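Here is how the chains run, residue by residue.
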Amino acid sequence: MITVFGLGFVGLTTALGFSHFGKRVYGIDTNQERVAILKNNSLPFLEPHLDIALAEHNNRNFIITDDVQNAIANSEYIFYCVGTPYGENGEADLHYLFSALKDTFPYMNKEKPKTLIIKSTIPPSTTKEKIIPFIEEHGWSVGDDVYVANNPEFLREGHCWEDFIYADRIVIGSDNEETVDRLKNLYEAFNVPIFAVSSNTGEYIKYLSNTLLATLISYSNEMADVAEHIGNIDVTKAFNILHMDKRWNKCNMTSYVYPGCGYGGYCLPKDTNALYTIAKVKGRNAEILGNVIKTNNNMPKIIANRIEKHISNDKKIGILGLSFKPNSNDVRDCASAKIINELQKKGYCNICGYDPVAINEFKEYYNLNMDYKYNLEDICEYADALIILTAWSEFKKVKNRIDKLVLDYRYM
Ligand SMILES: NC(=O)c1ccc[n+]([C@@H]2O[C@H](COP(=O)([O-])OP(=O)(O)OC[C@H]3O[C@@H](n4cnc5c(N)ncnc54)[C@H](O)[C@@H]3O)[C@@H](O)[C@H]2O)c1
């Protein structure tokens, strides 16, 4: 039996994924609103296939509970999938993780050691330098009374289910053989390559992945900016022709080697900052990473300046796209909110937003002083200029409108 702390994108997918492979899974979340939605067989966010898996396993293999004692007492494996957001100085904020660990301790059992698995993204050295000492401070001997591993998750929002069930690889970060064996055993049914690496390596691999993606995006944005200043360069065409190179076109990376409004969403911004910060703590100035972050932080201003060149601040602006990427209603750290902020600073006060699925989430998360339209026709009717900030495919048809100024900052 398994317990999963945190029922967000990663935790819910993990819980349902193991239920799918026949394990009994308890799910725990401190967000009561989220729990109520899930218990009702609905999803608190847009994510293909998870609704089907939830309907199939809810109250069967998957039990959502607030009875932590019963869940832990019955579980051999405990997964931590809680958030690790931006800390004050760019580091990963680990307080949700420590809180969930603390909730676990009272119900562990020295005779039957449990395996605690950190799936949340945590900077390299965290398990060794922070988590294991924390567990030991609470009276448990790691490797004897309890086993601890990290197990980074590589899923993409919008593809959570397939990325989890048909993972490219499973990484187990642990310096203890018994722990590795336990996890290999647990993941056997997945039938995908499993790599056991040192605890620091496991954590590091996740950051290698996310910081490389962030670097590709910032590189592309910088190149688009250079092109803009040279002039007479068709950026869209140039990148599409770049993608035809056989070194790129079969590797499914082209969406990252493409300019836009800057990377956003929950993971890339915070993870890039967290790795930069841990490098600093360890005495290194990671210069490339520092510039990747700087380039990304400049993007909202750059886009707002571009908009200003085309349309004055007394005109009506229609923002197309509020989620951080298409086919998602996740608005965390999204480019649109930052660009709207910049426009408002420049005196644009007639701003209206539209998104096929994320209007309510955006409204609630940012509480910006602006209006919204609930369908594409209405916002097209309202606006003097339409600004594409998320590459939803339905916005392609807007690009051909000759009666409106259309500015496409996703190079659709
Ligand atoms: N979203 C992604 O695409 C993705 C991909 C790979 C890895 N990750 C990493 O996985 C972790 C979780 O990400 P997410 O997107 O699923 O986050 P999320 O915000 O969607 O979900 C986290 C959940 O944890 C719950 N929680 C917080 N403290 C808790 C506690 N003490 N006990 C029980 N529940 C608690 C929250 O209420 C929330 O529902 C993060 O470290 C993230 O960086 C995310």
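Residues numbered from 1 in each chain as written. Predicted model: local features only at pLDDT ≥ 70, side-chain atom pairs only at ≥ 80, totals over all residues. Heavy atoms only, no water.

1. A look at the overall build of the protein chain
Then, in step 1: Counting secondary structure elements, the protein chain contains 16 helices and 13 strands.
Then, in step 2: The globule rule puts the C-alpha radius of gyration for 412 residues at 22 Å, and the 23 Å found for the protein chain is close to it.
Then, in step 3: Looking at the 412 residues of the protein chain, the share that counts as buried comes to 52%.
Then, in step 4: The long-range share in the protein chain, meaning contacts at least 24 apart out of those at least 6 apart in sequence, stands at 70%.
Then, in step 5: For the protein chain, the exposed surface amounts to about 19,300 Å²; the carbon and sulfur share of it is 48%.
Then, in step 6: For the protein chain, the distance from the average site of its 44 positive side-chain charges to the average site of its 52 negative ones is 4 Å. (Helix = DSSP H or I, 4+ residues; strand = E, 2+ residues; numbered from the N terminus. Rg over C-alpha atoms; globule rule 2.2 N^0.38 Å. Buried < 20%, exposed > 50% of the residue type's maximum accessible area, 1.4 Å probe, protein only. Contact = heavy atoms within 4.5 Å. Areas by Shrake-Rupley, 256 points an atom, 1.4 Å probe, with all protein chains shown as cover. Lys, Arg positive; Asp, Glu negative; His and termini not counted. Charge placed at Lys NZ, Arg CZ, Asp CG, Glu CD.)

2. Notes on the layout of surface pockets
Then, in step 1: Approximately 280 Å³ is the volume found for the second largest pocket.
Then, in step 2: Along the walls of the second largest pocket sit 16 residues, with Glu228, Val235, Thr236, Asp408 and Tyr411 positioned nearest its centre.
Then, in step 3: When residues of the lining of the second largest pocket are traced back to their parent elements, those giving at least two are α9 (199–230), α10 (235–243), α13 (287–310) and β13 (405–408).
Then, in step 4: Per element, the largest residue contribution to the lining of the second largest pocket is three residues, and it comes from β13.
Then, in step 5: Across the lining of the second largest pocket, the residue classes tally to seven nonpolar, four polar and five charged. (1 Å grid on protein atoms, 1.4 Å probe; cavity = no way out; pocket = protein on both sides within 12 Å on 5 of 7 lines; lining within 4 Å. Points joined across faces, edges and corners; volume = space filled by probe spheres on them. Nonpolar A, V, L, I, M, F, W, Y, C, P; charged D, E, K, R; others polar.)

3. Structural notes on the pairing of strand β10 (residues 351–354)
Then, in step 1: The alternating pattern of β10 places Ile351 and Gly353 and Cys352 and Tyr354 on opposite faces, both of which are buried.
Then, in step 2: Both strand β9 (residues 317–320) and β10 contribute to a ladder of four bridges, which runs parallel. Paired with glycine 318 across the bridge in β10 is cysteine 352.
Then, in step 3: Where the polypeptide runs from β9 across helix α14 (residues 335–345) and back to β10, its parallel neighbour, the crossover connection is right-handed.
Then, in step 4: As paired strands, β10 and strand β11 (residues 371–372) are joined by two bridges and run parallel to one another. (Pairing = 2+ DSSP bridges. Right-handed = clockwise from strand over helix to strand, strands pointing away.)

4. Here we look at the domain arrangement of the protein chain
Then, in step 1: In terms of domains, the protein chain is made up of domain 1 (2–196) and domain 2 (206–408).
Then, in step 2: Each of domain 1 and domain 2 was reduced to a C-alpha centroid, and the two centroids are 32 Å apart.
Then, in step 3: The partner domain 2 presents 22 residues to the 22 residues of domain 1 that form the contact.
Then, in step 4: Across the domain 1/domain 2 interface, buried area totals approximately 1,800 Å², and carbon plus sulfur atoms make up 54% of it.
Then, in step 5: In this assembly, domain 1 and domain 2 are joined by two salt bridges.
Then, in step 6: Here domain 1 and domain 2 share nine residue pairs in polar contact (both at pLDDT 80 or more) between them.
Then, in step 7: Considered class by class, the residues forming the side of domain 1 that touches domain 2 number eleven nonpolar, six polar and five charged. (Domains from an automatic or database assignment. Buried area = accessible area lost by both parts, 1.4 Å probe. Salt bridge = Lys/Arg side-chain N within 4 Å of Asp/Glu carboxyl O. Polar contact = N/O pair within 3.5 Å; in protein donor to acceptor, adjacent residues only side chain to side chain.)

5. Notes on the sheet that holds β9
In any sheet, the strands associate via hydrogen bonds between backbone groups, in a parallel or an antiparallel arrangement.
Then, in step 1: The strand order across the open sheet built from five strands is β11-β10-β9-β12-β13, with neighbouring strands paired in parallel fashion. The sheet is open, and its two borders are formed by β11 and β13, each paired with just one other strand.
Then, in step 2: Looking at chain direction, β9 and strand β12 (residues 385–388) are connected through four bridges and run parallel. Across the sheet, the residue bridging to isoleucine 317 is alanine 385, located in β12.

6. Considering the pairing of strand β6 (residues 146–150)
Then, in step 1: Of all five residues making up β6, five are buried, and the element is well covered by its neighbours.
Then, in step 2: Residues Val146, Val148 and Asn150 point to one face of β6 and Tyr147 and Ala149 to the other, with burial holding for every one of them.
Then, in step 3: Pairing between strand β5 (residues 114–118) and β6: five bridges, direction parallel. Its bridge partner being in β6, lysine 114 is matched across the sheet by valine 146.
Then, in step 4: Assessed by its sense of winding, the connection that carries the chain from β5 through helix α6 (residues 126–137) to β6 is right-handed.

7. As for the nonpolar core
Then, in step 1: Counting 44 residues, the largest nonpolar core has Ile307, Ile319, Leu320, Phe362 and Ile387 as its most contacted members.
Then, in step 2: When contributions to this core are tallied by element, the ones reaching two or more residues are α13, β9, α14, β10, α15 (359–366), α16 (376–382), β12 and β13.
Then, in step 3: Per-element accounting of this core gives the leading share, five residues, to α14. (Core = buried A, V, L, I, M, F, W, Y, C linked by side-chain atoms within 4.5 Å.)

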